[in-house]
Amino acid sequence: MKVFKLIFLLLLISPALLSALEFISEHIDNYAKNMILIPYSDLFFQVSGREINYDNSISIIIYTDEEQINYQTQTMLKFTLKPEVLDNLLPISYTKEYYPLQFEMELEPGEYQLYISILDNASGRKKELRESFIFPNTSKTVGFLFFKVRIDEFAFIIKDQRYLLSKYDSIQMLQHLTFQPDSTRIVINIKDSEDQIIVGDIEELHELLDHETEVSLEVENYNGERKYISFPIYPNVAYFYQQKYNPRDQLAQLRYIINQNEYQYFRSLPENLLQNAINDYWRSMDPDPYTPENVYQETFYQRVRYADNNYEIRRYLPGWRTDRGRIYIMYGEPDQIVSDVFPIGREPSITWYYYSLNRVFIFYDLRGYGNYELKDKWMD
């Protein structure tokens, strides 16, 4: 199994893996309040000297299973990142940050399909994402809380609490509420002490605290005699993954890459301890624990998501539980795919070739409804 983990780590450098674009939809006041978090690494750019120029068209379509379009829009993202801005970003790596794109619409509760495309207006190159989502029936009074900051033309969502203590041209709280607050205050709790700092403006933080101070933060909104407390979300791939999959599903996915002893240990844990144990496992596998990102964990999560979006057997089997999903999660994008889906006198098949690993997987549509399976389930 250690050999396999080494292979998995080597495969992380595969250029075929795309970054994870995230979609958040909240039911607020009978509206769908939506935000798309686009990794800068998914945006197209051109370099002019040391300047980085972005000129992208973002198309968004929301439609039903019957392909009835409920919403569509197109947004232009055109801006320039200047060298003096990028030079002052340490320790922030701009390519790993999320650009936030917000929109709202009327939407009935139910299951929908989301289509997003990113078009490079300069070259015509294009990236696409299709996935399903459920718009909830229950309306929320207080939505998720994010922090958006801007330095010159560089705007992004804070995904590490430590970054709040830096100086920005502007910092903004993004949160949907069903009411207009009478007042808002920000409470900063100093870790390992009972000290608190209360401010009315988030931009005061960097003046009051230094980067070495460990804090937790909450926002209090007052409406009449009621107080609503919100805790900020610092989004990353792992956060969204754990919002979508419960701990038992996470363990079933993790089973693809851990050994039998590890699996039996996790399986023996009660539900209330399983998530923490899985988090501890990923921390132990972090190749660089001094950075916010865990490349091993994030690549695994991105593969699970890709498998779900591309190999799902609708209303029967999630993509990560299919044989193609399992192999993709374990080994990533094949070097070559050969499809024989309309043969005469035999089952349709799809063959994946991993030349660098000297492996070949042949999937057959044994039942005739598009679920391509390995005849020997654990031949890998």
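Residues numbered from 1 in each chain as written. Predicted model: local features only at pLDDT ≥ 70, side-chain atom pairs only at ≥ 80, totals over all residues. Heavy atoms only, no water.

Asker: I would appreciate a short explanation of the packing of aromatic side chains in the present structure.
Answerer: By the definition in use, this model includes 35 aromatic pairs. When the centroid spacing of 4.8 Å and the interplanar angle of 20° are considered together, the rings of Tyr54 and Phe79 count as stacked. In this pair, Tyr54 sits in strand S4 (residues 51-63) while Phe79 sits in strand S5 (residues 69-81), placing the two residues 25 residues apart along the sequence. Phe79 matches Tyr54 in its accessibility class, with the two residues each being buried. (Phe/Tyr/Trp six-rings, centres within 6.5 Å; stacked < 30°, edge-to-face > 60°. Helix = DSSP H or I, 4+ residues; strand = E, 2+ residues; numbered from the N terminus. Buried < 20%, exposed > 50% of the residue type's maximum accessible area, 1.4 Å probe, protein only.)

Asker: How should the pattern of salt bridges be read in this particular structure?
Answerer: Pairing between side chains of opposite charge can happen when their charged atoms approach one another. Tallying each qualifying case throughout the model produces 17 salt bridges. Here Asp42 and Lys127 are joined by a salt bridge, their closest N and O atoms 3.8 Å apart. Residue Asp42 is located in the loop between strand S2 (31-39) and strand S3 (45-48), and its partner Lys127 is located in strand S8 (residues 126-135); the two are separated by 85 residues in the primary sequence. Accessibility expressed as a relative area gives 7% for Asp42, which makes it buried. Its salt-bridge partner being Asp308, residue Lys244 comes within 3.9 Å of it at the nearest N-O pair. Placement of the pair is Lys244 in helix H4 (residues 237-244) and Asp308 in helix H8 (residues 295-311), with a sequence separation of 64 residues. Residue Asp308 is classed as buried on the basis of its relative accessible area, which comes to 10%. Linked by salt bridges that have partners in common, Glu22, Glu131 and Arg305 make up one network. (Salt bridge = Lys/Arg side-chain N within 4 Å of Asp/Glu carboxyl O.)

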